Amino acid sequence: HLLLVIDHAESIVADPSFGSDDHAEIDRFLHHLCESRHVCVIVIVRGDFYLALAEALPGMTERKSGDGHVDVLAPRTGEIGDIIRIPAASAGLEFEQHPESKDYLDDVLLRAAVAQPDALPLLQHTLQMLYERRNDRNQLCFDAYHEIGGLEGALSHHAEHVFTGLPDEIQASLDQVLSRMVVMQPENDRISARRIPRGVLDAQAIALAETFVQARLFVAEHESGDAHYRVAHEALLRQWSRAVDWI
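Parameters at a glance
Each chain has its residues counted from 1, running along the sequence as written. Per-residue local features are limited, in this predicted model, to residues with pLDDT of at least 70; the limit for side-chain atom pairs, both in listing and counting, is 80 or more; totals at the level of whole chains, interfaces and linings are taken over all residues. Side-chain measures here rest on the full set of heavy atoms in the structure, leaving out hydrogens and waters. Strands are runs of DSSP state E lasting at least two residues, helices are runs of H or I lasting at least four, and both sets are numbered from the N terminus onward. Accessibility here uses a 1.4 Å probe with only protein chains present; expressed as a share of the type maximum, an area under 20% marks a residue as buried, one over 50% as exposed, and anything in between as partly exposed. Each accessible area is a Shrake-Rupley estimate made with a 1.4 Å probe; only the visible protein chains count as cover when residues are assessed. A positive count includes Lys and Arg, and a negative count includes Asp and Glu. His and the chain ends are not counted in either. To locate a charge, take NZ of a lysine, CZ of an arginine, CG of an aspartate or CD of a glutamate. Whether two residues are in contact is decided by their heavy atoms, any of which lying within 4.5 Å being enough. Expected span, for any helix, means 1.5 Å times one less than how many residues it has. Arc definition: it is the arc formed by the directions from the helix axis to the C-beta atoms. Pairs of N or O atoms are called polar contacts if they sit within 3.5 Å, as long as, within protein, a hydrogen donor faces a hydrogen acceptor (for residues adjacent in sequence, only side-chain-to-side-chain pairs).

Caption draft 1: Molecular detail of the overall build of the protein. Across its full length, the protein carries 14 helices and nine strands. Seen through its C-alpha atoms, the protein measures out along the principal axes to roughly 60 × 50 × 35 Å. Per-residue burial over the protein gives 40% buried out of 247 residues. Surface accessibility of the protein: about 14100 Å² in total, with carbon and sulfur atoms responsible for 52%. One way to put it: in the protein the 21 positive side-chain charges average out to a point 3 Å from where the 40 negative ones average out.

Caption draft 2: Focus on the environment of V182. In this structure, V182 sits in strand β5 (residues 182–185). Its relative accessible area of 6% is what places V182 among the buried residues. In contact with V182, not counting residues within four places along its chain, are S192, R194, L237, W246 and I247.

Caption draft 3: Seen up close, helix α2 (residues 20–34). Relative to the 21 Å expected for 15 residues at 1.5 Å per residue, α2 spans 21 Å between its end C-alpha atoms, a close match to the ideal helical length. Buried within α2 are the following residues: H23, I26, D27, L30 and L33. End-on, the buried residues of α2 take up no more than an arc of 125°, which puts them together on one face. In this structure, α2 carries D21 and H32 as exposed residues pointing more than 90 degrees from its buried face. Looking at the buried positions of α2, the neighbouring elements they touch are β1 (2–6), α1 (11–14), β2 (39–43), α3 (50–56) and α4 (58–63).

Caption draft 4: Fine view of helix α12 (residues 203–214). For α12, with 12 residues, the first-to-last C-alpha span of 17 Å sits near the 16 Å given by 1.5 Å per residue. Here α12 has its buried residues at A205, I206, L208, A209, F212 and V213. Mapping the buried residues of α12 onto a view down its axis gives an arc of 160°, with all of them on the same face. For α12, the exposed residues lying more than 90 degrees away from the buried face are A203 and Q214. On the buried face of α12, the contacting elements are α9 (150–164), α10 (168–171), α11 (174–181), β8 (218–223) and β9 (226–231). For α12, the side-chain oxygen to backbone nitrogen distance between the N-cap and Q204 is 3.2 Å, and the N-cap itself is D202. Downstream of α12 by one or two residues, R216 has phi in the positive range, about 65°.

Caption draft 5: Structural detail: the side chain of H125. Within the fold, H125 resides in helix α7 (residues 119–132). Setting aside its immediate chain neighbours within four residues, H125 contacts L155, H158, R216 and L217.

This is how it looks when you write it as structure tokens:
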């Protein structure tokens, strides 16, 4: 039995290197796979690209009719609270109580996350950075939270800290990396990200990408012997002020 998971399927319609002939070939490929009762295919796509993908792959749309379509909704307030608190409790960590407001840091994180469309990747980076700055009583602290710029600034703060720590000649390669990674669609102001083959980058750009991989901002992947880079989450392109200004 084979389970095939196609993640970031929005690249099929967002990446201009895919044409109508490519869409037809992908649609035929999926059709033949799904003809076998030993194969299950899961296609994961961002909601704002779903209609475009359904138009490009009509066979996929037909085959997922009935119970083959699942909307993955954003986590609710209680679920975000569990995301914040349960792993911390499992690790024996506590959230500090503010001496003046008497608020606990987990409640402050929850209120900030509920208001953010990029809540999950922002929480990922914020909680990791708070953990690295925990005090000797195993508490996640307000001083560290303010130091990293709060939930909204944590990812941008981390990316900027990593970037400015690089030599000037490597920093200068950011334009080369972003111009290959970012897909812009001016007609609807949407952006998405695509993978970059390592072979198209020069030595300075590879050094930047590898540094971002070590900092958990990029992910390195290998496929058929070829190495690629991609953003760990597209929130980086929406939250890092340097990337926002470039876009």
